[in-house]
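Coordinates in review
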Amino acid sequence: MFSRDVSLSEVAYQISISLIMIQATIKGILLIPKKKNIAELIEKLGATWTKGNLNERQIRIYYWGSMLACWNIELAPGLVTIVKLAMAQDTILLLPFGVAFPFDPRKDWITYILVYVYEMYSAFRFTYVYIGIEILMVTLCALLSAEFSILRDDFRHIEPESEESDNTALKNLVQKHQQLLMYTQLLDEIFNKILFFDLLFVTGIMCLFGFGATVAGGVVELVNDFFSVIALLLPVFIFCYYSEQVKEECVGIAEAAYDNKWYQGSESYKRIIHFVITRAQKPCCLTSMGYAPITLNTFSRVVSTTWSYFSLIRTVFSED
């Protein structure tokens, strides 16, 4: 890329793609040592899961949005090449990415097709690692928020006992509450480093794609950069949304316990409810490196920071 005279849009595009591949590699490396923890979390959630309807619309939108952007980037150069050849225009054989090979990938059609397929396969491998890890995280987060929501309803409608008793039903709910808190903590331990690198990379990558779109030399480059920005925004918004859901449902346990008719129960019943309210006031959610909570405010800050960097780059290269 730096050995020849290339346009700013090409530089921004190549750097963005390289950063995405580095990010996907880091995420895969961080996830591999956590395989046992993930299997343990899935088994525990499966053991406690209450069957019900789970809305997977957001997850489907995220998956197909990311895959649409990837297919667009992969197929656009080939389609442009075919159209120009069909119109008898002089053109070079375009590839999805500029890669240095020890041979000429355009010397004949067989070599060109093989190289094109190789680049598509390689890019999709990174794409599946990139979105697969986050789909796993979002799915587990959605299941936890659904479990907290069901538990809220159970706390709100459990009938207190006026006389002294062992409060077995209430203690079972408290035990489930403690289990869900433990699962949330385990989920955060698995993914907090991955979220840190997500937020670290995504701002710069979106900024570069946005800059590439403003200096794009053609419609194909513009469309590729536009879809790439959307595909990067989707996962950030969705995992921030579901982390916010877990936080709200976790805090909502306190409200549900207070709405219970605890004043009609025994002293031990009231003490248990008081304990539940106190514990639920400490929210649980995903974090970045175990420090910064991931909420919808995080998404707002990401978009704001990206726009600031984008404006700075546009100002610096405005004359060019």
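Residues numbered from 1 in each chain as written. Predicted model: local features only at pLDDT ≥ 70, side-chain atom pairs only at ≥ 80, totals over all residues. Heavy atoms only, no water.

1. Digging into the pattern of salt bridges
Definition in use: Any carboxyl oxygen of Asp or Glu that lies within 4 Å of a side-chain nitrogen of Lys or Arg is treated as forming a salt bridge with it. Secondary structure counts use DSSP, requiring at least four H or I residues in a row for a helix and at least two E residues in a row for a strand, with both numbered from the N terminus. Remark: exposure states derive from per-residue accessible area (1.4 Å probe, protein chains only) relative to the maximum for the residue type, with buried under 20%, exposed over 50%, and partly exposed in between.
Across all of its chains, the model carries seven salt bridges by this definition. A salt bridge links Asp198 to Lys27; the nearest nitrogen and oxygen atoms lie 3.3 Å apart. A residue pair is termed long-range when its members are at least 10 positions apart, and Asp198 in helix α5 (residues 168–214) and Lys27 in helix α1 (residues 8–31) qualify at 171 residues. Per residue, the accessibility class of Asp198 equals that of Lys27, and both read buried.

2. Details of the state of the cysteines
Here is the rule: Disulfides are defined as pairs of cysteine sulfur atoms found within 2.5 Å of each other.
Applying the stated rule across the entire model yields zero disulfides. Free of any disulfide, Cys141 has its nearest neighbouring cysteine sulfur in Cys285, separated by 8.7 Å. Cysteine Cys250 is unpaired, with the sulfur of Cys284 as its nearest cysteine sulfur at 4.1 Å.

3. Section: the nonpolar core
What counts, and what does not: By convention a nonpolar core is built from buried Ala, Val, Leu, Ile, Met, Phe, Trp, Tyr and Cys residues, the set being connected through side-chain atoms within 4.5 Å. Residue contacts are counted whenever heavy atoms from the two residues lie within 4.5 Å of one another.
Grouped together as the largest cluster of nonpolar side chains are 76 residues, with contacts concentrated most on Phe155, Phe191 and Phe239. Those elements that place two or more of their residues in this core are α1, α2 (35–48), α3 (57–86), α4 (109–157), α5, α6 (219–259), α7 (267–280) and α8 (296–316). Tallying contributions element by element places α4 first for this core, with 19 residues. Not counting residues within four places of it along the chain, the set of residues in contact with Phe191 comprises Leu31, Ile133, Leu136, Met137 and Leu140.

4. Let's talk about the UniProt feature "transmembrane region" (unreviewed entry) in the protein
The test is simple: UniProt positions are given in the numbering used here, feature names are shortened, and annotations may be inferred rather than shown by experiment.
Here, the residues flagged by UniProt with the feature "transmembrane region" (unreviewed entry) are residues 12–32, 61–87, 127–146, 195–220 and 226–243. For the annotated span residues 12–32, helix accounts for 95% and strand for 0% of the residues, and the straight-line distance between the end C-alpha atoms is 31 Å. Taken end to end, residues 226–243 is 100% helix and 0% strand, and its two terminal C-alpha atoms sit 26 Å from one another.

5. Topic: the packing of aromatic side chains
Put simply, the test is: Within 6.5 Å between ring centres, the rings of Phe, Tyr and Trp (the latter by its six-membered ring) count as paired, and their orientation is classed by plane angle as stacked under 30 degrees, edge-to-face over 60, tilted in between.
Tallied over the full model, the rule gives twelve aromatic pairs. Arranged with centres 5.8 Å apart and planes meeting at 85 degrees, the rings of Trp109 and Tyr112 form a pair that is edge-to-face. Residue Trp109 and its partner Tyr112 are both found in helix α4; the two are separated by three residues, about one turn of the helix. Trp109 sits in the partly exposed class, given a relative accessible area of 47%. Overall, Tyr112 belongs to the buried group, its relative accessible area being 5%. Each member of the aromatic cluster is reached from another via a ring pair, and the members are Phe237, Tyr241, Tyr242 and Phe299.

6. Examining α6
Applied cut-off: Take the number of residues in a helix, subtract one, and multiply by 1.5 Å to get its expected span. The reported bend at a residue is simply the angle between two axes, fitted to the 7 residues ending at it and to the 7 residues beginning with it.
Its 41 residues place the ends of α6 58 Å apart at the C-alpha level, agreeing with the 60 Å of an ideal helix rising 1.5 Å per residue. The sharpest bend along α6 comes to roughly 25 degrees, located at Ile253.

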